[in-house]
Amino acid sequence: MTAMVLRRPKTPLEAERRPLPSPGPGELLLAVEACGVCRTDLHVVDGELEHPKLPIVPGHEIVGRVAAIGAGVTDFAVGERVGVPWLGHTCGCCPYCSSGRENLCDDPLFTGYTRDGGYATHTVADASYCFPLPSDSDAAALAPLLCAGLIGWRSLKMTGDARDIGIYGFGAAAHIVAQVAIARGRRIFAFVRPGDTAARDFALSLGAVWAGGSDETPPEKLDAAIIFAPVGALVPRALAAVRKGGTVVCGGIHMSDIPSFPYALLWEERRLVSIANLTREDAREFLALAPQVGIETHVVRYPLTAANEALADLRDGRLQGAAVLIP
Ligand SMILES: [Zn+2]
Ligand SMILES: [Zn+2]
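Read on for an overview of the structure. Note that the structure is predicted; figures quoted are calculated from it, not measured. (Residues numbered from 1 in each chain as written. Chains lettered and ligands numbered in written order. Predicted model: local features only at pLDDT ≥ 70, side-chain atom pairs only at ≥ 80, totals over all residues. Heavy atoms only, no water.)

## A word on the nonpolar core
Reasoning step 1: In terms of nonpolar packing, the biggest core is built from 96 residues, with Tyr119, Phe170 and Phe286 touching the most fellow members.
Reasoning step 2: Core analysis: the second largest hydrophobic core is formed by 17 residues, Phe189, Ala229, Ala238 and Leu265 among them. (Core = buried A, V, L, I, M, F, W, Y, C linked by side-chain atoms within 4.5 Å. Buried < 20%, exposed > 50% of the residue type's maximum accessible area, 1.4 Å probe, protein only.)

## A closer look at the coordination of the zinc ion (ligand 1)
Under perfect tetrahedral coordination by four donors, a metal shows angles of 109.5 degrees; under perfect octahedral coordination by six donors, it shows angles of 90 or 180 degrees.
Reasoning step 1: Protein coordination of the zinc ion (ligand 1) is provided by Cys91 (SG), Cys94 (SG), Cys97 (SG) and Cys105 (SG), with donor distances spanning 2.3 to 2.4 Å.
Reasoning step 2: Each donor residue of the zinc ion (ligand 1) belongs to the same chain, and together they define the spacing C-x2-C-x2-C-x7-C. Of this pair, cysteine 91 sits in the loop between strand 6 (87-89) and strand 7 (109-110) while cysteine 105 sits in the loop between strand 6 and strand 7, and the two are 14 residues apart along the sequence.
Reasoning step 3: Under the relative-accessibility criterion, cysteine 91 is labelled partly exposed at 27%.
Reasoning step 4: Residue cysteine 105 is classed as buried on the basis of its relative accessible area, which comes to 8%. (Donors = N, O, S within 2.8 Å, 3.2 Å for Na, K, Ca; no water. Helix = DSSP H or I, 4+ residues; strand = E, 2+ residues; numbered from the N terminus.)

## Remarks on the pairing of strand 12 (residues 210-213)
Reasoning step 1: By the bridge criterion, 4 bridges tie strand 11 (residues 187-192) to strand 12 in an arrangement that is parallel. Each bridged residue has a counterpart across the sheet, and for phenylalanine 189 the counterpart in strand 12 is tryptophan 210.
Reasoning step 2: Traced from strand 11 through helix 5 (residues 197-205) to strand 12, the parallel crossover comes out right-handed. (Pairing = 2+ DSSP bridges. Right-handed = clockwise from strand over helix to strand, strands pointing away.)

## Topic: helix 8 (residues 307-315)
Reasoning step 1: Among all positions of helix 8, only Ala307, Ala310, Leu311, Ala312, Asp313 and Leu314 are buried.
Reasoning step 2: Buried residues along helix 8 sit in contact with strand 1 (2-5), strand 3 (27-37), helix 1 (39-45), strand 16 (299-303) and strand 17 (322-326).
Reasoning step 3: Directly after helix 8, the chain includes glycine 317, whose backbone phi takes a positive value near 70°. (Contact = heavy atoms within 4.5 Å.)

## Remarks on the environment of alanine 148
Reasoning step 1: Of note, alanine 148 is situated in helix 3 (residues 148-158).
Reasoning step 2: A relative accessible area of 6% means that alanine 148 is categorised as buried.
Reasoning step 3: Once the C-alpha coordinates of alanine 148 and phenylalanine 228 are considered, the two residues, 80 residues apart in sequence, prove to be 9.8 Å apart.
Reasoning step 4: Discounting residues that sit within four places of it in the chain, alanine 148 has contacts with Glu61, Ala172, Ala173 and Ile176.

## Concerning unusual backbone geometry
Reasoning step 1: With omega at -10°, the peptide bond leading from leucine 54 into proline 55 counts as cis.
Reasoning step 2: With respect to the secondary-structure elements, proline 55 resides in the loop between helix 1 and strand 4 (62-69).
Reasoning step 3: Despite not being glycine, glutamate 268 has its phi angle at roughly 65°, a positive value.
Reasoning step 4: On the secondary structure map, glutamate 268 appears in the loop between strand 14 (242-250) and strand 15 (271-274).
Reasoning step 5: According to the relative accessible area criterion, glutamate 268 is partly exposed, its value standing at 30%.
Reasoning step 6: In this structure, asparagine 277 takes a positive phi of about 60° despite not being glycine.
Reasoning step 7: What makes asparagine 277 buried here is its relative accessible area of 14%.

## Comments concerning the side chain of aspartate 313
Reasoning step 1: Its location among the elements puts aspartate 313 in helix 8.
Reasoning step 2: Given a relative accessible area of 18%, aspartate 313 falls into the buried group.
Reasoning step 3: In terms of polar contacts, aspartate 313 uses its side chain to reach the side chain of arginine 318, at 2.7 Å.
Reasoning step 4: Residues within four places of aspartate 313 in sequence aside, it is in contact with Tyr302, Arg318 and Leu319. (Polar contact = N/O pair within 3.5 Å; in protein donor to acceptor, adjacent residues only side chain to side chain.)

## With respect to the pattern of salt bridges
Reasoning step 1: Tallying each qualifying case throughout the model produces 23 salt bridges.
Reasoning step 2: One salt bridge connects aspartate 164 with arginine 187, and the closest N-O pair in it is separated by 3.0 Å. On the criterion of sequence distance, the pair formed by aspartate 164 in strand 10 (residues 164-168) and arginine 187 in strand 11 is long-range, its members being 23 residues apart.
Reasoning step 3: Given the relative accessible area of 24%, arginine 187 is considered partly exposed. (Salt bridge = Lys/Arg side-chain N within 4 Å of Asp/Glu carboxyl O.)

As structure tokens, this is what we get:
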């Protein structure tokens, strides 16, 4: 097998030939068909997430075919297509796992961060954290659903019944959640990097009612806002854009520091919350909902060995939609 390996943060991934692993008890060996490139991968590679397993194979938006089945796995068959998300394992017994909040597990494993992920021709995954995917869809188009889609879904749920929703940072997660939200009767206000007319046009093409720079004030007060851009300065801006009782959801795993801001921005029962990881229930809900909504993902394909180029394009804001690696 071939894997793109990060040996040390802030260095390029290196292509490496490895022997094909065997799945252990409860595991699946997958032949990777496609793996999405998520901003979290960039945070791992750039050293902003501090405790990766090293060396690590990044990638947690994996679409693959079951190539071999470990002992004790009964619910998958060889050749079946499955998806592997960020949540790679949980302990099952901590207070969070015991209360339906496995996304906050005290002893988790994360795909592509603390266990090897999908920037490879093959990977081994815990079968309990794999999800069946439709066999007839384009693998590359499915890949972004597994993190961008799932985290977007969890973020959207956090906005409750908000009708008018601002989205800050219109990348992979935003372009999926916008389609889900619009299908559910919500109105989307897209905030993009100031001057990024391509991102603004992209948001409008997906049905946003308004799109403008993140330094602009929307034409009306919003019920909620979701921040996907890793920019802490957007938090006070988003709080200023939501009406009384509104919610601001931080959807990313890493953000630059949030500048201090007047209490008046939070007062009147505005809420500021973050999203951490996902639960398997989120995945089951969202993967069932995706075909009903008819989500169309916009993907840019790269060969597996061009992973560094894909990461650079994401870092520099050169992508509309989601980058996907194809082995
Ligand atoms: Zn746990
Ligand atoms: Zn991700």
